[in-house]
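# Geometric and topological summary
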Amino acid sequence: MKKILALHTGGTISMSASNDTVKTNEQNPLLDSQFINENIDLVNEVILNKPSEHITPDDMLIIKKRVKKAIDEKECDGIVITHGTDTLEETAYFLDLTIENTIPVVLTGAMRSSNELGSDGVYNFQSAILTAASDEASGKGVLVVMNDEIHTARFVTKTHTTNVNTFRTPTFGPLGIVYKRDIRFFQALINQHVCDIDHLEKGVYLIKAYAGIPKEIFEIMNRPETKGIVIEGLGAGNLPVEVVEPIQALIDNDITVVMVSRCYNGLAEPIYDYAGGGIDLERMGVVFCQGLNGQKARLKLQVAVSGGMNSKDIAKYMRDAVS
Ligand code: ASP
């Protein structure tokens, strides 16, 4: 018998629709769902009831502390967290960065609320519970289970506003699949660097680059409150020449500047050697972060700053593609 702790935080999976609008419920309908499996003892706990746009990094820290307590006190064999899909990938990745993965931790959500035709909530919840109860699911980092696919929190992203097949892992693909009767993994995860923080620093921002981005955006960021900036750069990690000077000024002020790509697929990598090209930026001290999207790199940088790392260690931590 496996004991699974389900922590509910809100999101469409817990909401209902009426007259084409979707609203939060006082009582989470998942608590009434019949999950029948004689080998699983399911314990439900509501820890938040928020649409995921209202989830902050401080809420992620609350979820992290509850998960860590359950692991440390051996309360269960696996944990499922239900969450709104809009920021699900960020909470999942935050937990991946901050918790040692000794038992399965699985996030899930739904694209259709509990009373909509073709609602995917109970099905995804059930798939997540089965994954959390699987022996093979531990040691693979925090997982995201949606629409019969198992993804690593590190690389999964929401790709569609409404389609139930919205969660994808660009470049690398999912780690496994939920079959009718079984859970199958066909990829492992390269090791993890856990940063067990107990508070969060602010002042870490994300900027998306675009053709003609004005230098004033970077000049405004150059202030004592700013601890770090992630830039979603163009292509492999390049920027318009106009912003090179203010970025150098940020770096000179000991503000970490991290580069990821705004492309959906592929890795940021310094290749071009001209003003604003990746090689020029790296020479200036911009840190290239491989494989993460902007929102995840920003969280990772916030975790690094909150963990008290010095600039050299932050650069190494951010550069390392697998942690
Ligand atoms: N807006 C909703 C949320 O993130 C979307 C969802 O859960 O699917 O809370």
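Below, the structure is looked at part by part.

Each value, and the rule that gives it
- Residues numbered from 1 in each chain as written.
- Predicted model: local features only at pLDDT ≥ 70, side-chain atom pairs only at ≥ 80, totals over all residues.
- Heavy atoms only, no water.
- Near = heavy atom within 4 Å.
- Polar contact = N/O pair within 3.5 Å; in protein donor to acceptor, adjacent residues only side chain to side chain.
- Areas by Shrake-Rupley, 256 points an atom, 1.4 Å probe, with all protein chains shown as cover.
- Core = buried A, V, L, I, M, F, W, Y, C linked by side-chain atoms within 4.5 Å.
- Buried < 20%, exposed > 50% of the residue type's maximum accessible area, 1.4 Å probe, protein only.
- Contact = heavy atoms within 4.5 Å.
- Phe/Tyr/Trp six-rings, centres within 6.5 Å; stacked < 30°, edge-to-face > 60°.
- Helix = DSSP H or I, 4+ residues; strand = E, 2+ residues; numbered from the N terminus.
- 1 Å grid on protein atoms, 1.4 Å probe; cavity = no way out; pocket = protein on both sides within 12 Å on 5 of 7 lines; lining within 4 Å.
- Points joined across faces, edges and corners; volume = space filled by probe spheres on them.
- Nonpolar A, V, L, I, M, F, W, Y, C, P; charged D, E, K, R; others polar.

What follows covers the site of the ligand. Looking at the ligand, the residues that line it are Gly 11, Thr 12, Pro 51, Ser 52, Glu 53, Gly 84, Thr 85, Asp 86 and Ala 110. Between the ligand and the protein, one listed contact pairs a nitrogen atom with a side-chain N or O atom of Glu 53 at 2.6 Å. The contact in question runs from an oxygen atom of the ligand to an N or O atom on the side chain of Thr 85, over 2.5 Å. With the chains in place, 88% of the 260 Å² that the ligand exposes on its own is no longer accessible.

Our next topic: the nonpolar core. In terms of nonpolar packing, the biggest core is built from 53 residues, with Val 67, Ile 79, Ile 81, Phe 94 and Met 318 touching the most fellow members. Every residue in contact with Phe 94, bar those within four places of it in the chain, is listed here: Pro 57, Met 60, Leu 61, Lys 64, Ile 197, Leu 200, Leu 299 and Val 303. Among the nonpolar cores identified, the runner-up in size contains 22 residues, and Leu 30, Phe 125, Leu 143 and Ile 183 belong to it.

Attention now moves to the packing of aromatic side chains. For the structure shown, the criterion picks out two aromatic pairs. Seen from their ring centres, Phe 155 and Phe 172 are 4.5 Å apart, and the 45° between their planes marks the pair as tilted. Taken as a pair, Phe 155 in the loop between β8 (149-152) and β9 (157-158) and Phe 172 in the loop between β10 (167-168) and β11 (176-178) lie far apart in primary sequence, 17 residues in all. When its relative accessible area of 15% is taken as the criterion, Phe 155 is described as buried. Classification of Phe 172 as partly exposed rests on a relative accessible area of 35%.

Space inside the largest pocket adds up to approximately 380 Å³. Lining the largest pocket are 22 residues, and of these Pro 170, Ser 261, Cys 263, Tyr 264 and Asn 293 lie nearest its centre. Elements with a contribution of two residues or more to the lining of the largest pocket: β9 and α7 (294-306). Residue composition of the lining of the largest pocket, grouped by class: eight nonpolar, nine polar and five charged.

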